[in-house]
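A structural walkthrough
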Amino acid sequence: MERAAQQAVPLGQMEVFEALQRLHMTVFSQSVSPCGKFLAAGNNYGQIAIFSLSAALSSEAKEESKKPMVTFQAHDGPVYSMVSTDRHLLSAGDGEVKAWLWAEILKKGCKELWRRQPPYRTSLEVPEINALLLVPKENLLILAGGDCQLHAMDLETGTFMWALRGHTDYIHCLALRERSPEVLSGGEDGAVRLWDLRTAKEVQTIEVYKHEECSRPHNGRWIGCLATDSDWMVCGGGPALTLWHLRSSTPTTVFPMRAPQKHVTFYQDLILSAGQGRCVNQWQLSGELKAQVPGSSPGLLSLSLNQQPAAPECKVLTAAGNSCRVDVFTNLGYRAFSLSF
Amino acid sequence: MSSESSKKRKPKVIRSDGAPAEGKRTRSDTEQEGKYYSEEAEVDLRDPGRDYELYKYTCQELQRLMAEIQDLKSRGGKDAAVEIEDRRIQSCVHFMTLKKLNRLAHIRLKKGRDQTHEAKQKVDAYHLQLQNLLYEVMHLQKEITKCLEFKSKHEEIDLVSLEEFYKEAPPDISKAEVTMGDPHQQTLARLDWELEQRKRLAEKYRECLSNKEKILKEIEVKKEYLSSLQPRLNSIMQASLPVQEYLFMPFDQAHKQYETARHLPPPLYVLFVQATAYGQACDKMLSVAIEGSVDEAKALFKPPEDSQDDESDSDAEEEQTTKRRRPTLGVQLDDKRKEMLKRHPLSVLLDLKCKDDSVLHLTFYYLMNLNIMTVKARVTTATELITPISAGDLLSPDSVLSCLYPGDHGKKTPNPANQYQFDKVGILTLRDYVLDLGHPYLWVQKLGGLHFPKEQPQHTVITDHSLSASHMETTMKLLKTRVQSRLALHKQFASLEHGIVPVTSDCHYLFPAKVVSRLVKWVTIAHEDYTELHFTKDIVEAGLAGDTNLYYMALVERGTAKLQAAVVLNPGYSSIPPIFQLCLNWKGEKTNNNDDNIRAMESEVNVCYKELCGPRPGHQLLTNQLQRLCVLLDVYLETESHDDSVEGPKEFPQEKMCLRLFRGPSRIKPFKYNHPQGFFSHR
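None of the values given here were measured: they were computed from a predicted structure.

Here we take up the interface of chain B and chain A. Much of the literature gives interface size as the accessible area that the parts lose upon coming together. Facing the 43 residues of chain B at the interface are 43 residues of chain A. Of the roughly 3700 Å² buried between chain B and chain A, counting both surfaces, carbon and sulfur atoms make up 52%. The largest contributions to the chain B side of the interface with chain A come from Arg599, Arg663 and Pro665 of chain B, which together make up 18% of the buried area. At the junction of chain B with chain A, the criterion picks out five salt bridges. For the interface between chain B and chain A, the tally reads 16 residue pairs in polar contact (both at pLDDT 80 or more). Mapped onto the side of chain B that touches chain A, the elements with two or more residues apiece are helix H20 (537-541) and helix H21 (596-606) of chain B.

Spelled out as C-alpha cells, the structure:
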C-alpha cells in the first residue's frame, strides 16, 4: 500500500500561499468585547478576527467554534494594539486609529466607524501606534508609538488635545495609574516615564537600564511591557522583569527570567508575564516562579484576561504571539485549547 | 209427503236418464213443472242436508217396521198377517225412498266429481300457459341481452375525434344537419369518413412504395458509377504526390496518418484528434505522430463490443498454454502480470517545441487491460546541457512532469478498478512499473477523454472528446511552462553551484547595488534529511513538505555569520513559490523559534514572493529570493545593536541607509528595500 501522504489535499497555488501566510502570521493584540463573550485578535497582515469565546468554551464546541466568526481587513499594516470601550472596538496599527462598533462587527458588518490620525511631526514614514490606553474618567484615548510622543484624543469630539514629548526613542507600552491619574509609558530608549494627565507634564522618569540589578546589556535597554498597581509597577523587556516601588523609584524584586518579556499584568496576587519562549509565567510578588504554563506559540506578545462581569463563564486568559493561534487558558494551570485564524 | 210424490213419479224416473236427458234438461230447467222428470235437475233442487235427515228417518222407520213385523211374527195371530202386509208395504215404500236417496247421492257425487275435474283441467291449462309464457319471457330476455351485448366491429376502430371529424370531413359525408341530432347517423358518417381516409392513405402508400423502388434503382446506378471512379482517383493521387511535395502541402502524409489513426484504441484516438486539432488551430509548434506497428494493432483491434471478449479469450488461451508449458507458479504469475500491463502496439508521439528551441517529447501509451493511458517524457535542448550536480532531478524523465496539476504525482493508477485487477496478479502498486510503462498522470487520462469518477470503478470505456478538448489548451500551456521553468532552473543551478546568484538585468531594481553576503553552497538534500532538520518542523507539520518536492540547502556567509537556508522546491515552480526556512549561526543559533527577526526574514522571502517573481513567466523567482536573502542577512548583521558591555568595534558596520532600526512590539529590523531611493524601511 502506498504511504499515506502528509497532505490530504493536493496543494495548489492558493493553498500553499494561505499555508505560508498562516505560518508567518503574528497576532499582536487582543481585546475582549464589552459583553465578555467575544475576543478580537489583530495580526500582522492587518486583519482582525472575532472569536466567539462562549461558543468555544461551551460543551458542544466543535472544530469550527475555534475558528473566527468573522475576519476582516482592518488596516493596511499590522494591528499592534486594540482596546474596547463599552460599545466600540478601537484598533491601531500603522499610524491610524480606527473605531468599530462591536454590535456591527458581531453582525458581520465590518465598516469602520471613524478613523483618526494623530498629528505627526515627520512625514517620511508613518510611525506605528504601539499602544492604546483608555482613560475612562476623562473619556480620553492615549496613543503612543513610533513618533516617540503620547497623543491624547478626546473620544467625544475626536480631537487631539495634547502631545507629551520626552521619549527619545519609540514607545512600546502604556499603563494607567488610576489614583493620580497618571500614565506610565515605556519605550525603546529604556526609560519609564510618568506623566500627569491633568497638567500634561512629565512627573517622573525611571531609567531602568541604569540599575545594575535588572539591566541586561546584551538584550538591549528597551522596555517592552509595563503594568502598574498604583503604588507598584512591573516592567520588563531588554532588562530583566522587575517590580518597582514607584514613589521611591527603587526596584524591589527582580524576577529571574532570562528571556525578554513582552507583556506583563497584575492578576489577583500574581504577576503574569509572557515573552520570548513558549510559556506564560506566573510569579509571586516575592519573586518566586509559581508556574510556567506552555502555550502553543514559540513566542508570546499579548496576554488578555477576560474579566468582564457580564460573562463569568468566559473568564479565561488568552495568550497570542508568534503564530496564528490564540491559546485559551480556562484555568491558569494548563492550556485548554487554542483558537486559530 | 215426498214418498207420495215419488210414488207418482216413479215410472218416469226409470225411463229418463243419460244423453237424451241432457237436451231435455235444459228444457226442464225452463219448465220446472214440465212434462217429464229429470233426476239431475232434481238433485240441484234438493237440499243434501234434508236428504240426509230423510235417509236417517227412513232408516229409523224401516227399523221400526221391521221390529214391529218381528213382533207380530213372533206373536202370531190372524190379523197379524194383514198388519205385517201393511207394514211390508210401508217398508217397501221406505225401501223405495232409500233407493231414491241412494240414486240422488250417486248423482250428486258424480256431479261433484265432474265439477272438480273440470276445474282441475282449467287450472292445468292455465298452468301450462303460464309456463309457456315464462319460457318465452326468458327466451326473449336472453335475446335482448344478446342484442345489447353485441359489439359491432366498428367500435374497434379508432375514429377521429368529433371536432376533427366535423372540421375535416367534406360536408357530403359529414352531413352535419342530420348527424348532429342522430348518434347512429353520426357514427355511420364517421365510419364513412374513416373509410375514405383509409382509401386515400392506401393510395399514397402505394405511390410511395413505387417511388422508393425507383430511387433504389437510381442509387444502384450511381454506386456503380462511383466505384468505377475509384481506381481513376487513385491514379490521380499517385500522380499528384510529387506536386504536393513541391508545394509543401503534405496532404497525403496527413491522410496516411489518419489511416493509421483509425487503428488507434479510443483514448489514443481522442488524444490524437484533439492534439492535431489544437496544433492546427492554436499552436504551430506542436507536432503529432503515431508510432508503432499497425499490423499488430489490426490484429488486436476489433470493433469495441468484441474487443473485451476477444482479449479475454486470448487471455484464457494464453493462460492455458502457459499452464501447459510452465508449471511454476511464480513465472506464471509474472506472465499474468505482463499480460495485465500490456501496452497497445501503437503510441502517439507529441513534440512540443518551445521558443528557445528546446523540445519536450511526449510519448503516450495505452494500457489495454488497465484502461489507462501513460506518458513518457523527454526533454531535448538545442544545445547540449551540462547538468550541474544539484540539477540532476530537474529534467529527469521520471520527475519532470510530476505534479503538473497539484497533487498529480503519477505514481498511482487513476482507475479505481485496477486495484481489483492488481490484487488478482499480485501487483501492489503501479509505482514499481512506471519507469517502464510511463506515468499515468490524471491530465493524460483527461487528454484521452478518459474520465474516472473517484468513487465507483468503471468497467466501460467512455471516451469523451469534450473532456479532452477542454483540457488540451491548459495542459499544453502548463507543459510548456514546466519545461521552460525547468530549463531556466537548470541554468540557474549551474550558476548557483559556483556561488553566483544570477540576477537578470530586469530584476536589478529589486536589490541594492552592494550586496556583501555571498552564497557559498548550493546542494540537493534528500526528503528525509529535510524533515530531520530542527528548523523545518513547521513546514513539515503544515503538510508543505511532501515527497513530490525537491529539497535543497543553501549556505550564505558573511564574516563569521553563517546562514543556512533549507529550500522546498515544489514541482509547480514557479507558480508555487519555493519555501525557505532559515537558521543563522552568529552569536548563537537563531531560528524562527527564538528570533523574531529571522521570522521576519523568512516572511520577506516566503510570503512577499510576488514582488520577486520578475518579468513573466516568473522563472527568476528562486534566484531573486536567494539574492534577497543575501540582502536581508546584510541588513540583519549591520543593524544589530551594539552590545556596550563587549569591547571592540562592531563586526559589521552599518552601510545600509535605514530610517529607523526597530519598529513595532517585535522590534523588527528594516528589511524592506525601497527603490529607487535605496533606503530600507519596515513593511
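What follows is about the confidence of the model for chain B. Close inspection of predicted coordinates is inappropriate for parts of the model with low pLDDT. Residues and elements named next belong to chain B. Summing up the model confidence of chain B, the mean pLDDT is 80 and the portion of residues at 70 or higher is 86%. Here residues 16-24 is modelled with pLDDT under 50, and outside its nearest four sequence neighbours on either side it reaches six contacts, counting other chains as well. Here residues 306-319 is a poorly scored stretch, pLDDT under 50, and it has nine contacts once near neighbours within four places are set aside; other chains count. Overall fold confidence for the complex sits at a pTM of 0.68, while the interface term, ipTM, reaches 0.89.

So, on to empty space enclosed by the protein. Unoccupied space between atoms shows up once a probe the size of one water molecule is rolled over them. A full pass over the atoms with the stated rule returns two cavities of 30 Å³ or more. Approximately 60 Å³ is the volume attributed to the largest cavity. Lining the largest cavity are Lys262, Gly275, Gln276, Pro298, Gly299, Leu300, Leu301 and Asn322 of chain A together with Asn593 and Asp596 of chain B. For the lining of the largest cavity, the class distribution of residues is three nonpolar, five polar and two charged. Its boundaries defined by the atoms lining it, the second largest cavity holds a volume of some 40 Å³. Lining the second largest cavity are Pro118, Tyr120, Glu128, Ile129, Leu143, Ala144, Gly145, Gly146, Asp147, Gln149 and His151 of chain A. Looking at the lining of the second largest cavity, the element that brings in the most residues is strand E10 (residues 140-145) of chain A, giving three residues. Split by residue class, the lining of the second largest cavity holds five nonpolar, four polar and two charged.

Definitions and cut-offs
Residues numbered from 1 in each chain as written. Chains lettered and ligands numbered in written order. Predicted model: local features only at pLDDT ≥ 70, side-chain atom pairs only at ≥ 80, totals over all residues. Heavy atoms only, no water. Contact = heavy atoms within 4.5 Å. Buried area = accessible area lost by both parts, 1.4 Å probe. Salt bridge = Lys/Arg side-chain N within 4 Å of Asp/Glu carboxyl O. Polar contact = N/O pair within 3.5 Å; in protein donor to acceptor, adjacent residues only side chain to side chain. Helix = DSSP H or I, 4+ residues; strand = E, 2+ residues; numbered from the N terminus. pLDDT = per-residue confidence, 0-100. 1 Å grid on protein atoms, 1.4 Å probe; cavity = no way out; pocket = protein on both sides within 12 Å on 5 of 7 lines; lining within 4 Å. Points joined across faces, edges and corners; volume = space filled by probe spheres on them. Nonpolar A, V, L, I, M, F, W, Y, C, P; charged D, E, K, R; others polar.

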